[in-house]
Amino acid sequence: GQRSERKKWFPLFDDVTAIIFVAALSEYDQKLQEDPRANRMIEAIGLFKMIVNHDAFTKAPFLLFFSKKDLFEEKLSTSNI
């Protein structure tokens, strides 16, 4: 989600039973739309760390999924990590 909206989310998560976090592997070499200086993968890692360490989710299990594996594999042959 957009950076400016994230702080508004946390009060809505009082009764969370699990967190599903999805990160696109293929975005390792892409920039954010709202901040062309910021790498999408680095942003996703930072967001994941923030959510995992947030007090509202201390008892919630986390499921981390990596999507777009097919695009990631295609990029590996033409793009540097």
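See the structure printed just above.
Residues numbered from 1 in each chain as written. Predicted model: local features only at pLDDT ≥ 70, side-chain atom pairs only at ≥ 80, totals over all residues. Heavy atoms only, no water.

A. Summary view of the overall build of the protein. On a plain count of helices and strands, the protein comes out with three helices and two strands. In the protein, the order of α-helices and β-strands from amino to carboxyl end is α-β-α-β-α. Taking the principal axes of its C-alpha atoms as reference, the protein extends roughly 45 × 25 × 15 Å. A buried classification covers 28% of the 81 residues belonging to the protein. For the protein, the share of sequence-separated contacts (at least 6 apart) that also reach a separation of at least 24 residues comes to 70%. Of the roughly 6200 Å² of accessible surface on the protein, 56% is carried by carbon and sulfur atoms. Here the protein contributes 12 positively and 12 negatively charged side chains, and the mean placements of these two sets differ by 4 Å. (Helix = DSSP H or I, 4+ residues; strand = E, 2+ residues; numbered from the N terminus. Buried < 20%, exposed > 50% of the residue type's maximum accessible area, 1.4 Å probe, protein only. Contact = heavy atoms within 4.5 Å. Areas by Shrake-Rupley, 256 points an atom, 1.4 Å probe, with all protein chains shown as cover. Lys, Arg positive; Asp, Glu negative; His and termini not counted. Charge placed at Lys NZ, Arg CZ, Asp CG, Glu CD.)

B. View of helix α2 (residues 40-52). Given a rise of 1.5 Å per residue, 13 residues ought to cover 18 Å, and the 18 Å separating the end C-alpha atoms of α2 matches this to within 8%. Along α2, the residues classified as buried are M41, E43, A44, L47 and I51. Relative to the axis of α2, the buried residues are bounded by an arc of 155 degrees and lie together on one face. Within α2, the exposed residues directed more than 90 degrees away from the buried face are I42 and K49. For α2, the N-terminal capping position is held by N39, with its side-chain oxygen 2.7 Å away from the main-chain nitrogen of M41. (Expected span 1.5 Å × (residues − 1). Arc of directions from axis to C-beta. Polar contact = N/O pair within 3.5 Å; in protein donor to acceptor, adjacent residues only side chain to side chain.)

C. Local environment of the environment of E43. One can find E43 in helix α2. Expressed as a C-alpha distance, the spacing of E43 and L32, which sit 11 residues apart in the sequence, is 8.2 Å.

D. Inspection of the nonpolar core at higher detail. Residues I19, F21, A23, A44, L47, I51, F57 and A60 constitute the largest nonpolar core, which totals eight residues. Of all the secondary structure elements, the ones that give two or more residues to this core are β1 (19-24) and α2. Once residues within four sequence positions are removed from consideration, I19 is found in contact with I51, F57, A60, P61, F62 and L63. (Core = buried A, V, L, I, M, F, W, Y, C linked by side-chain atoms within 4.5 Å.)

E. Fine view of the pairing of strand β2 (residues 62-67). Where β1 lies against β2, six bridges are found, and the strand directions are parallel. Along β2, the bridge assignment pairs V22 with F65. (Pairing = 2+ DSSP bridges.)

F. A look at the pattern of salt bridges. Scanning all chains against the criterion turns up four salt bridges. Here D29 makes a salt bridge to K75, at a shortest N to O gap of 2.6 Å. One end of the pair, D29, is in the loop between β1 and α2; the other, K75, is in helix α3 (residues 69-76), and 46 residues separate them in sequence. According to the relative accessible area criterion, D29 is partly exposed, its value standing at 34%. With a shortest N-O distance of 3.0 Å, E73 and K69 are connected by a salt bridge. Residue E73 and its partner K69 are located together in helix α3, separated by four residues, close to a single helical turn. (Salt bridge = Lys/Arg side-chain N within 4 Å of Asp/Glu carboxyl O.)

Function cannot be read off these values alone, since they describe shape.
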